[in-house]
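Fold and geometry: a report
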Amino acid sequence: MLRLPRSLGGKLTAMMVASVAIAVVFQALVIAWHDRVTFRRDLTRNLGALASVVANDVRAALVFEDDEALEHALRAVSSYPGITAVVVFNDGGESVARWVRSDIRTPLPTEPRKASIEFLSDSLDLYREITSDGQPLGTIFMRSDLSHEELRAAASFRVLVLLLVGSLALAWLVSARLSRWVHEPIRNILNTLREVGRSNDYKLRAPYVRDEELGALTNGVNEMLAQIEKRDDELAEAGERLVEKVASQTSDLRNMNGELREAKEHAESASQAKSEFLANMSHEIRTPMNGVIGMTELALASDLTDRQRTYLRTVKSSANSLLAIINEVLDFSKIEVGHTELIIDEFSPRELLQESLLALLVMGQDKGLAVSSRLDPAVPHVVRGDAARIRQILTNLVANAIKFTHEGEVVVEVKLLSTEDERLVLEFRVRDTGIGIAADRQDHVFDAFVQADGSITRRFGGTGLGLAICRRLVTVMGGSMSLESAVGEGSVFSFTVPCGAAIFPSVGASTTEPMATSDATLRILLAEDNPINQEVARAFLTQAGHRVDVVDNGLAAVRTALAHSYDVLLMDLQMPELDGFEATRRIREAEKTRGGHLPIVALTAHALRSDRDQCLAAGMNAFVTKPVSRDELLATVRALAAGRVVPDIDTGFSDALRMVGGNEALLARITAVFAERGASYCAALQAAMEAKDYAALAAEAHRVAGSVGQVAGENAAHSAHRLVERARAQDHAGCVKELASVVDTIDQLLDRVGRRDEKITTAPQTS
């Protein structure tokens, strides 16, 4: 394979030599063609002239049929070079005389043709008529070889080769010298650029060249290097300025980060202070409210005149209204700081709707309004969600509708909007025929502390927090809230709530066993430092037939509880000497050595989830919020004393009791089954995990979720549900983490179930 030279000079030389070679070959071919054409033209002319001469010589011999004269004429032709054959035909087409060179083997024609000249591969054939006075006498055939042409061609080829070699040699010598004028300046430019690239020295320049084009190229390269040098200097200066600027901004950022850190710490401190303030304010406000409501209930239970009873009912109604406002402010504050927690459990939309409207029917009837509800048949009988929050939102919307409607009706509708992958979306619509809301005020009714009209507060009361709380609760649950209204035509408030499909069937409807109760006289220790609260709680308990001892500080509560035998201890959280948490911890420590387990109920105005967690950590068994409800307090005391399930702080026994329709006997049997099988559940989960059988792990976790949920409610089943999701995704690390949480939950439940079962089986049952 021919390789072209790489250097510019070699390429220029090769181009010049190739150009000369092409020109010489072309010229030689043209000359050879012209020589051949000329040779054949001359040969044809000469052979034709010779044929004419021979025809004249044999004309008389043909007329007189003189064979000797014919032979003599043909022998005369043989002396001409190149003639290889001559044949004479008479007018009858017969060959009458012929001469053929001895070395010719090519066959001759046997009959005449019309006058013509024809070039063959190695000869030239000519036919010429012989006439006399216009009369045909015969035809003469003559053949000449082309050997002279081949000799001329060979000679021409030798000349062409010599000419080509000489021309190429001369062209190479000349081009080798002339190409330096071109490639030397370009080589200098390339060398300059290589050196600049190696050393990054843009001060280097290519040598000047006088040639116009090459000089312009050199000047252009040098100018480019000068521009790069200038920009390089500018970039260096800019880099120095940038370094200085970055250093300055870094310093500013450090200072700003320090300020932000301080601001963050201040904000966290402010948030903590806000939470503490809310807790303290809740306690401080609820404590006197407890006295007001409690004493009012006690007074209403005594002998009163009609006027006194009316006054006390008004006091109780006002106190309840004030407590509702306090609850709204506290709810809004918890939402603001992100402390709102959802309790997901199974509930019946139909029952929730009935319970929400039951308390409001009287309010609507008093105003002459028709309060009704419509439930879409497509809504499932049981779904999963936060029923308490939905009830709170629905109650608020219906109460508002009744408040702002003077005549007509209030209708509540529940529809199933969509169903997808066990995820349901319910829509709740509250429609009224009330005063309506102006279009320019509809965007503001969901703002905190804002009402549609300033006169609303004076006419109807309220804090302006209800709708703000409703919308934010709906948002927390993953739904949305909207409003359609026109002045004088009424309003439609609607909200959507995503719910889950029910995991367990409702067993409450199938149970007919009565709930066991205990009306035995209990010995109760009340630890409370507030005299009003002491009097309220003592009155509630003594009226129910229980014996109550009262202490006013935490240290006295510990000493008295350990010195005597009590069925239940009611423990206030904020007391002198020792607070309720520390007092409970000391009692639990003493029980580890002396045995026994005294049920302790937390009495506090603190309503935050963090307070409940603190109660659990301290060892308390139940939680009652101030102002204390008489029915709630008595039910909690009776259940704890009998060893039955009560609204528990962490394990969700109240949810489990509600799921079985309040049938404690049925819950006791379910609990006993769980106690027997809990260890086997853990073993099956561990085996599936060790085998990395994610399908079996998901199935076992789903079974455990059902069992744990039946015994301890939704919160205790969360870890098992998360394990199902991790197993289905084959997330090994997630499975390990969630499995540990599930096993720990089961262990804790087995410990608690063991204590509860013992109390259930030993507690006296009365009908």
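Predicted model, so just to flag it, every value in this text is computed and none were measured.

Under the defined criterion, the tally for this structure stands at two aromatic pairs. For the pair Tyr127 and Phe141, a centre-to-centre distance of 5.0 Å together with 45° between the ring planes defines the contact as tilted. Taken together, the residues Tyr127 in strand E4 (residues 123-132) and Phe141 in strand E5 (residues 135-145) connect sequence positions 14 residues apart. We classify Tyr127 as buried; its relative accessible area is 4%. Judged by its relative accessible area of 0%, Phe141 falls in the buried class. Its end group placed over the ring of Phe119, Arg40 keeps NZ or CZ at 4.6 Å from the ring centre. The cationic tip of Arg523 hangs over the ring face of Tyr566; the distance from NZ or CZ to the ring centre is 4.7 Å.

This part is about the sheet that holds strand E14 (residues 547-551). Spatially, the five strands line up as an open sheet ordered E14-E13-E15-E16-E17, and their pairing is parallel. Two strands lie at the open edges of the sheet, namely E14 and strand E17 (622-625), each paired on one side alone. Sheet twist, expressed as the mean angle between neighbouring strand axes with direction ignored, is 20°. Pairing geometry for strand E13 (residues 523-527) and E14, over five bridges, is parallel. Looking across to E14, one finds that Leu525 is bridged to Asp549.

This paragraph deals with the pairing of E5. E5 sits mainly inside the fold: nine of its eleven residues count as buried. Summarising the sheet, strand E1 (residues 83-90) and E5 pair through seven bridges and their orientation is antiparallel. Considered in E5, the bridge of Val86 is made with Met142. Bridge count for E4 against E5 is ten bridges, and the pairing is antiparallel. Its bridge partner lying in E5, Asp125 is registered against Arg143.

A word on the nonpolar core. Core analysis: the biggest nonpolar cluster contains 40 residues, and Ile393, Leu394, Leu397, Val398, Phe428, Val430 and Phe495 have the highest contact counts within it. The element contributing the most residues to this core is helix H8 (residues 387-403), with nine residues. Among residues more than four places away in sequence, those in contact with Ile393 are Cys470, Leu473, Val474, Met477 and Phe495. Membership of the second largest hydrophobic core comes to 25 residues, among which are Val58, Ala73, Leu74 and Val77.

Orientation of H8 relative to helix H10 (residues 466-476), taken along the N-to-C sense of each, is 145°, at an axis distance of 10 Å. Relative to H10, the crossing made by H8 is left-handed. Within the contact between the two elements, H8 uses Arg389, Gln392, Ile393, Asn396, Leu397 and Asn400 and H10 uses Gly466, Leu467, Ile469, Cys470, Leu473 and Val474. For the contact of H8 with H10, the per-class residue count stands at seven nonpolar, four polar and one charged.

Our focus in this paragraph is the sheet that holds E5. Read across the sheet, five strands follow the order E2-E1-E5-E4-E3 without closing on themselves; strand pairing throughout is antiparallel. A single partner strand is all that each edge strand has here, and the edge strands are strand E2 (95-100) and strand E3 (116-119). For this sheet the average axis-to-axis angle between neighbouring strands, irrespective of direction, equals 10°.

Although it is not a glycine, Lys692 adopts a positive phi angle of roughly 55°. In this fold, Lys692 is placed in the loop between helix H17 (664-690) and helix H18 (694-728). Phi is positive for Gln730, which is not a glycine, with a value near 55°.

Attention now goes to the pattern of salt bridges. This structure, assessed with the given rule, holds 16 salt bridges. The partner of Glu195 in a salt bridge is Arg198, with the nearest N and O atoms 2.2 Å apart. Of the two residues, Glu195 and Arg198 both sit in helix H4 (residues 180-199), three residues apart, roughly one turn of that helix. On the basis of relative accessible area, Glu195 is assigned to the partly exposed category, the value being 30%. By relative accessible area, Arg198 is classed as exposed at 60%. Residues Arg384 and Glu346 are paired through a salt bridge, measuring 3.8 Å at the closest nitrogen-oxygen approach. On the criterion of sequence distance, the pair formed by Arg384 in strand E8 (residues 383-385) and Glu346 in strand E6 (residues 345-347) is long-range, its members being 38 residues apart. Take Arg384: its relative accessible area is 7%, and that puts it in the buried class. Beyond isolated ion pairs, a larger network of salt bridges with shared partners links Arg374, Glu413, Glu427 and Arg429.

Two elements in contact, helix H12 (residues 554-563) and helix H13 (residues 580-594), have axes whose closest approach is 9 Å; the angle formed by their N-to-C orientations is 25°. In this view, H12 runs roughly parallel relative to H13, as classed from their interaxial angle. As for the relative orientation of H12 and H13, their crossing is right-handed in sense. Contacts between H12 and H13 pair Gly554, Leu555, Val558, Ala561 and Leu562 from the former with Ala583, Arg586, Ile587, Ala590 and Arg594 from the latter. Along the lines of polarity and charge, the residues of the contact of H12 with H13 split into seven nonpolar, one polar and two charged.

Confidence along the protein chain averages 76 in pLDDT terms, with 77% of residues attaining 70 or more. Of all secondary-structure elements in the protein chain, the lowest mean pLDDT belongs to helix H9 (residues 454-460), at 46, while E13 reaches the highest, 94. Of the regions scoring below 50 in pLDDT, residues 454-463 engages in 17 contacts with residues more than four places distant in sequence or in other chains. Counting interchain partners and residues more than four positions distant, the pLDDT-below-50 stretch residues 645-652 has 37 contacts.

What follows concerns helix H11 (residues 531-543). Its 13 residues place the ends of H11 18 Å apart at the C-alpha level, agreeing with the 18 Å of an ideal helix rising 1.5 Å per residue. For H11, the set of buried residues is Asn533, Gln534, Val536, Ala537, Ala539, Phe540 and Leu541.

An ideal rise of 1.5 Å per residue puts 21 Å on 15 residues; H13 measures up with 21 Å between its terminal C-alpha atoms. All buried positions along H13 are accounted for by Gly580, Phe581, Ala583, Thr584, Ile587, Arg588, Ala590 and Glu591. Its side-chain oxygen 3.3 Å from the backbone nitrogen of Phe581, Asp579 forms the N-cap of H13. Gly595 sits one or two positions beyond H13 and adopts a positive phi of about 85°.

Among the structural elements, Thr139 can be located in strand E5. Accessibility expressed as a relative area gives 9% for Thr139, which makes it buried. Here Thr139 is in contact with Val87, Val88, Phe89, Pro112, Arg113, Tyr127, Arg128, Glu129 and Ile130, once residues within four sequence places are set aside.

Turning to the pairing of E2, a few remarks are in order. The pairing of E1 with E2 spans five bridges and is antiparallel. By the bridge assignment, Ala85 is partnered in E2 with Val100. Counting the residues between successive antiparallel strands, the hairpin from E1 to E2 contains four residues, one of them, Gly93, with a positive phi of roughly 85°.

Rules behind the numbers
Residues numbered from 1 in each chain as written. Predicted model: local features only at pLDDT ≥ 70, side-chain atom pairs only at ≥ 80, totals over all residues. Heavy atoms only, no water. Phe/Tyr/Trp six-rings, centres within 6.5 Å; stacked < 30°, edge-to-face > 60°. Helix = DSSP H or I, 4+ residues; strand = E, 2+ residues; numbered from the N terminus. Buried < 20%, exposed > 50% of the residue type's maximum accessible area, 1.4 Å probe, protein only. Lys NZ or Arg CZ within 6 Å of the ring centre and 35° of its normal. Pairing = 2+ DSSP bridges. Axes fitted to C-alpha atoms, helices over the stretch in contact; angles between N-to-C directions. Core = buried A, V, L, I, M, F, W, Y, C linked by side-chain atoms within 4.5 Å. Contact = heavy atoms within 4.5 Å. Left-handed = near helix turned anticlockwise from the far one by under 90°. Nonpolar A, V, L, I, M, F, W, Y, C, P; charged D, E, K, R; others polar. Salt bridge = Lys/Arg side-chain N within 4 Å of Asp/Glu carboxyl O. Parallel < 35°, antiparallel > 145°, perpendicular 65-115°, else oblique. pLDDT = per-residue confidence, 0-100. Expected span 1.5 Å × (residues − 1). Polar contact = N/O pair within 3.5 Å; in protein donor to acceptor, adjacent residues only side chain to side chain.

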